[in-house]
Amino acid sequence: MDDQIWYLRTSKLALALAIIRSTPADTSSREYTEHLAKVVSEQESTWRSKVQALEAEVLQLRHKLLLSRMHAGVFKSGDPSSQLQAQEAGSSENTLSLLEDSGCDLSHEQRSEPSETTQHLVESCTPTPLLPLPIVKRHCTTQENPLSSHMQFLQHLLELKNWTESGSLKTDLSHFENDFSTVSDSVFQLLDGLITFYRKPKFPFSSFWAEAVNTLARLISDCNLSNHILKKCSKKLEEFEKTLLQVILRSNHINRFQVQHYVSQSLVTLGSCSLLRKSIVSLLLSEINSFTDVLGTIDQVHAGYVTHYENIFSLFWVLEQLLQKETKEGNTSSVGHDDQEIKKFLQKHDETIFQLSDAFPLFTFYLWRLGILLNSVETVESNSLP
């Protein structure tokens, strides 16, 4: 340890002497040192940008490879010609739509009529290896463009999985799970972009962001992909949920309600995935429980709480949507009454309504509605037990 400290100090001294000796006559050592630091910093920034560009290119090649392998695997299982004949009436248009709409567009030279596409797919089922599916970057706005390749890949992946898991083209893609780290990497970067955007959302919103949130929910709802995604992205997903919550609560501009509705809908979309619903419900209830405690200490909404009081009703709306969905699905594993925030809410429910009903009638009305929905979920849960 002492040797390391000695070498570090010696290196610093040698660097200082070298800078002093090489300093131009018309420049002070301090100015010259600052100039060198700036040059090194600029070079470091340039190299960092190059590394990021190369990493993005490598990830895109991994996208291309995984999709190509999965696509090839579809036609190596069973009797592909008989499978395709069974679907020939509807498969051609669906296949063409899959390759176009999922983000893996075919170039003009590769486009063909639906009937020709079907014939080409039948021919590609021969032992001749399939060509990799091209991933073509679409022209998006500057802000969205870094995420567009991830969106294209993830949407194409979902469509390909849906295609192979339904109908007569059922194919087991579980042997590709070792390659699903590529999916997790793309989801992580997509979440990074979403968090950056929603921290400073700009209205009107592009449909791109709603599609991105919907794609996330679909990916995590997939039993084969969810484990891989949650293993790497659970913290990032939690950060995204908290970001959406804070956008709703902290909005204070005049036209904020349009933004709040859009962000609230994004939370509902995320909550459509049963694996995420419990954490979202717990997060929103935690905020409502905390604000309920605050209201219990005052007789009327003070100036400092007016905006927060108005914004909290968006959380009530999101919770109602999620709990109604939970009741409709009868899913006993998503929102359980073992959650501490749910327990706290229900334990103090009647007392809170009695205490706040005179001063805050609208707020207590929504508390009452929320209590009914939570008890409905509990009833469904109890009825499902043996």
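Each value, and the rule that gives it
- Counting restarts for each chain: residues are numbered from 1 in the order of the written sequence.
- Note on the predicted model: pLDDT of at least 70 is required for a residue's local features to be given, and 80 or more for side-chain atom pairs to be given and counted; whole-chain, interface and lining totals, by contrast, use all residues.
- Remark: hydrogens and water are excluded; side-chain values derive from all non-hydrogen atoms of the structure.
- UniProt positions are given in the numbering used here, feature names are shortened, and annotations may be inferred rather than shown by experiment.
- A fitted line through C-alpha atoms represents every axis, and for helices the fit uses only the stretch in contact; the resulting angles, taken between N-to-C directions, go from 0 to 180 degrees.
- A run of DSSP states H or I qualifies as a helix once it reaches four residues; a run of E qualifies as a strand once it reaches two. Both are numbered from the N-terminal end.
- Angle categories are assigned with fixed cut-offs, so that under 35 degrees is roughly parallel, over 145 is roughly antiparallel, 65 to 115 is roughly perpendicular, and the rest are oblique.
- We call two residues contacting when some pair of their heavy atoms lies within 4.5 Å.
- Amino acid classes used here: Ala, Val, Leu, Ile, Met, Phe, Trp, Tyr, Cys and Pro are nonpolar; Asp, Glu, Lys and Arg are charged; the rest, including Gly, are polar.
- Here, nonpolar core refers to any group of buried Ala, Val, Leu, Ile, Met, Phe, Trp, Tyr and Cys residues whose side-chain atoms link them within 4.5 Å.
- Only protein chains enter the calculation, and the probe is 1.4 Å; a residue is then buried if its accessible area is under 20% of its type maximum, exposed if over 50%, and partly exposed in between.
- Domain segmentation is taken from an automatic or database assignment of domains.
- Only protein atoms enter the calculation, which uses a 1 Å grid: trapped sets of points that fit a 1.4 Å probe without letting it out are cavities, open sets showing protein on both sides within 12 Å along at least five of seven lines are pockets, and any residue with an atom within 4 Å of a point is a lining residue.
- Grid points are joined across faces, edges and corners, and a volume is the space filled by probe spheres set on the points.
- Note: crossing handedness is left-handed where the near helix turns anticlockwise from the far helix by less than a right angle, and right-handed where it turns clockwise.

Within an unreviewed UniProt entry, the label attached to the protein chain reads Meiosis-specific protein MEI4-like, and the organism entered is Callorhinus ursinus. Here is the UniProt Sequence similarities (unreviewed entry) comment for the protein chain, exactly as written: "Belongs to the MEI4L family."

(A) Local environment of the packing of helix α9 (residues 223-250) against helix α12 (residues 306-329). As a packed pair, α9 and α12 sit with axes 8 Å apart at the nearest point and diverge in direction by 140 degrees. With respect to each other, α9 and α12 are oriented oblique. Across the interface between the two elements, L245, I248, L249 and R250 from α9 touch H308, N311, I312, S314 and L315 from α12. Counted by class, the contact of α9 with α12 contains five nonpolar, three polar and one charged residues.

(B) Summary view of the nonpolar core. Membership of the largest hydrophobic core comes to 75 residues, with the highest contact counts inside it found for V183, V187, L194, Y198, F240, I312 and F363. Counting residues per element, this core draws most heavily on α9, at 10 residues. Taken domain by domain, the makeup of this core includes at least three residues from each of domain 1 (148-163 + 176-272) and domain 2 (277-380). Apart from residues no more than four positions distant in its own chain, V183 is found in contact with L66, F153, L154, L157, L219, L225 and I229.

(C) Molecular detail of empty space enclosed by the protein. Tallying each qualifying case throughout the model produces two cavities of 30 Å³ or more. Its boundaries defined by the atoms lining it, the largest cavity holds a volume of some 90 Å³. The wall of the largest cavity is formed by N289, T292, D293, K344, F345, K348, H349, T352 and L367. Elements supplying a minimum of two residues to the lining of the largest cavity: α11 (274-295), α13 (340-347) and α14 (349-356).

(D) Quick look at the environment of E239. Looking at the element boundaries, E239 is found in helix α9. With a relative accessible area of 29%, E239 lands in the partly exposed category. Separated by 44 residues in the primary sequence, E239 and I195 place their C-alpha atoms 7.8 Å from one another. When neighbours within four sequence positions are excluded, E239 is seen to be in contact with I195 and R199.

(E) Seen up close, the packing of helix α10 (residues 256-271) against α12. Running from N to C, α10 and α12 point in directions that differ by 30 degrees, and their axes come no closer than 9 Å. In terms of orientation, α10 lies roughly parallel with respect to α12. Of the two possible hands of crossing, α10 and α12 adopt the one that is right-handed. Packed against α10, whose contacting residues are R256, F257, Q260, H261, S264, Q265, L267, V268 and G271, the element α12 presents T307, E310, N311, S314, W317, V318, Q321 and L322 at the interface. Of the residues that constitute the contact of α10 with α12, the class distribution is six nonpolar, nine polar and two charged.

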